[in-house]
Amino acid sequence: MNAIETRRLGKRYGRTWALRDCTLTIPAGRVVALIGPNGAGKTTLLHLAVGLARQTCGDIKVLDGIAPGSPEALDGIAFVAQDTPLYKYLSVSDTLHLIASLVDTWDGTQARARLGALGIPLSRKVGQLSGGQQAQVALAVALGRHPRLLVLDEPVAELDPLARHDFMSSLMEAVVDNGVSVVFSSHVLSELERVCDYLILLTHGSVQVAEGTDELVDTHRVFTGPVEQADAVARALSVVHERRAGRQAHLLVRTTNRPAVPAGWQDNPSNLEEIVLGYLRSPGASALPGPERPSSDTAQAVWA
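Per-chain numbering applies: the sequence of each chain, read as written, is numbered from 1 onward. Owing to the predicted nature of the model, reporting of local features is limited to residues with pLDDT of at least 70; listing and counting of side-chain atom pairs is limited to 80 or more, with chain, interface and lining totals taken over all residues. Note: side-chain values were computed over all heavy atoms of the structure, leaving out hydrogens and water.

A. Inspection of the overall build of the protein at higher detail. Each helix corresponds to a stretch of at least 4 residues labelled H or I by DSSP, and each strand to a stretch of at least 2 residues labelled E; elements are numbered beginning at the N terminus. When helices and strands are counted, the protein shows 11 helices and 13 strands. Expressed along its principal axes, the backbone C-alpha trace of the protein runs to roughly 65 × 40 × 35 Å. Relative accessibility decides the category of a residue: with a 1.4 Å probe and only protein chains considered, values under 20% of the type maximum give buried, values over 50% give exposed, and everything between is partly exposed. Here the protein holds 304 residues, and the buried ones make up 49% of them. A 1.4 Å probe and the Shrake-Rupley method give the accessible areas. Residues count as covered only by the protein chains that appear here. Surface exposure of the protein reaches about 14400 Å², of which carbon and sulfur atoms provide 49%. Separation of charge centres in the protein, based on 28 positive and 32 negative side chains, amounts to 6 Å. Charge counting follows a simple rule: Lys and Arg are positive, Asp and Glu are negative, and His as well as the terminal groups are ignored. Lysine's charge is taken at NZ, arginine's at CZ, aspartate's at CG and glutamate's at CD.

Written out as structure tokens, the structure is:
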């Protein structure tokens, strides 16, 4: 089963393409991080998936073949926007009552228990809560609907480190307890390895990376060695990005096999944050499986 499938999906606002030729398959049962610079098309893709926007071209399906925005899709998807759109002048309790009157599937007992465990008073107005508490209320409302797919757009962007940690911990507990599929966009790279097991990287409205995080980490290495040998070494490897500092060069490479380490060079594992930054800084690179030897243009690309 797939949570989201797209084929040559595109969305244009006026003359500007926010998303173009986007083809991907997001498997169900995963915690998927959607990464990319500002303007890459992340929010556009999420809005198309939850039915808040209509595509200009191409096709998108959710929950194994359902049209976004259809009654069946709306019943199975919960969405939390970046600004946690809640009524600030309602109490938390009144917010839960309001949701109960608007949706067909609602577990108020679960929502109250979740907020009680977090020490969030139900009698307090939403606008009097901290940013982290408001985010937790929005998450409890979303999970109280027992969605099959939970979509979150920059849910921790405005939170301090402690509130961010608490929010992500609550999210992971819900994944374990309910088996919900999760797709969330984020700029907070430090959270990726702790919570996500699948990563999608968008740049310039197109998919650059779509792969499990374990596979990404297993197939990327960092080669470090003398800068004067960097060009020759890069020609023999599939280089994602290259950084030269003083007399030393650092090459982030993708390889399905452990290549021989040139004399005078070190071969080190890479982490997910390092890999993401590498692809963001080299938007022409591709994480999709390909030949071990790149073209000379890609191999010798210098990361300024």
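B. Representation of the nonpolar core. Grouped together as the largest cluster of nonpolar side chains are 52 residues, with contacts concentrated most on L150, L152, V182, F184, L192 and L199. Examining the composition of this core, we find that eight residues originate from one element, helix α5 (residues 131-143), more than from any other. What makes two residues a contact is simply this: any of their non-hydrogen atoms within 4.5 Å. Contacts of L192, omitting those with residues within four sequence positions, involve A33, I35, L199, L272 and V276. We define the nonpolar core as a collection of buried residues of types Ala, Val, Leu, Ile, Met, Phe, Trp, Tyr and Cys that are connected through side-chain atoms lying within 4.5 Å of one another. In terms of nonpolar packing, the next biggest core, distinct from the first, is built from 28 residues, V32, A40, L63 and I66 among them.

C. Examining the confidence of the model for the protein more closely. For every residue, the predictor assigns a confidence score, pLDDT, that lies between 0 and 100. With 92% of its residues at a pLDDT of at least 70, the protein reaches an overall mean of 86. At the level of individual helices and strands, the protein shows its lowest average pLDDT in helix α11 (residues 296-299), which scores 32, and its highest in strand β4 (residues 57-62), which scores 96. Here residues 288-304 is a poorly scored stretch, pLDDT under 50, and it has 30 contacts once near neighbours within four places are set aside; other chains count.

D. Looking closely at the sheet that holds strand β1 (residues 2-13). Pairing between strands is defined by DSSP: at least two bridges between them are needed. Sheet architecture is open: three strands sit in the order β2-β1-β4, paired in antiparallel fashion. Each of the sheet's edge strands pairs with one partner strand only, and the pair in question is β2 (16-27) and β4. Neighbour-to-neighbour, the strand axes of this sheet turn through a mean angle of 20°, independent of strand direction. As paired strands, β1 and β2 are joined by eight bridges and run antiparallel to one another. Convention adopted: a line fitted to C-alpha atoms gives each axis, helices being fitted over their contacting stretch, and angles between N-to-C directions are expressed from 0 to 180 degrees.

E. View of the pattern of salt bridges. One speaks of a salt bridge when a side-chain nitrogen belonging to Lys or Arg is within 4 Å of a carboxyl oxygen belonging to Asp or Glu. Evaluation of the coordinates by the stated rule reveals six salt bridges. For D267, the salt bridge goes to R221, with nearest N and O atoms at 2.9 Å. Of the two residues, D267 is situated in strand β13 (residues 266-269) and R221 in strand β10 (residues 220-226); the sequence distance between them amounts to 46 residues. R221 shares its class with D267; the two are buried. As a salt-bridge pair, R244 and E242 come within 2.2 Å of each other at their nearest N and O atoms. Relative accessible area serves as the criterion here: at 0%, E242 is assigned to the buried category. Shared partners join several salt bridges into a network, and the residues in it are D231, E242 and R244.

F. Quick peek at helix α6 (residues 161-178). An ideal rise of 1.5 Å per residue puts 26 Å on 18 residues; α6 measures up with 26 Å between its terminal C-alpha atoms. Listed as buried for α6 are A163, R164, F167, M168, S170, L171, A174 and V175. Projected down its long axis, α6 carries its buried residues within an arc of 155°, all on one side. Across α6 from its buried face, at more than 90 degrees, point the exposed residues P161, L162, V176 and D177. Every helix has an expected span of 1.5 Å times one less than the residues it contains. Each direction from the helix axis to a C-beta atom contributes to the arc, which is the arc of those directions.

G. The arrangement of the environment of K42 in detail. Tracing the chain through its elements places K42 in helix α1 (residues 42-50). You can call K42 buried: its relative accessible area is 6%. Each C-alpha atom, one on K42 and one on G14, is 18 Å from the other, the two residues being 28 residues apart in sequence. Side-chain polar atoms of K42 contact the backbone oxygen of P37, separated by 3.2 Å. For this analysis, a polar contact is any N or O atom pair within 3.5 Å, provided that within protein one partner can donate a hydrogen and the other can accept it, and provided that sequence-adjacent residues contribute only side-chain to side-chain pairs.

H. Local environment of the environment of L98. Relative to the elements of secondary structure, L98 occurs in helix α3 (residues 92-102). Taking the C-alpha atoms as reference points, L98 and D153, separated by 55 residues in sequence, lie 23 Å from one another. With sequence-adjacent residues up to four places away left out, L98 is seen in contact with Y87 and L90.

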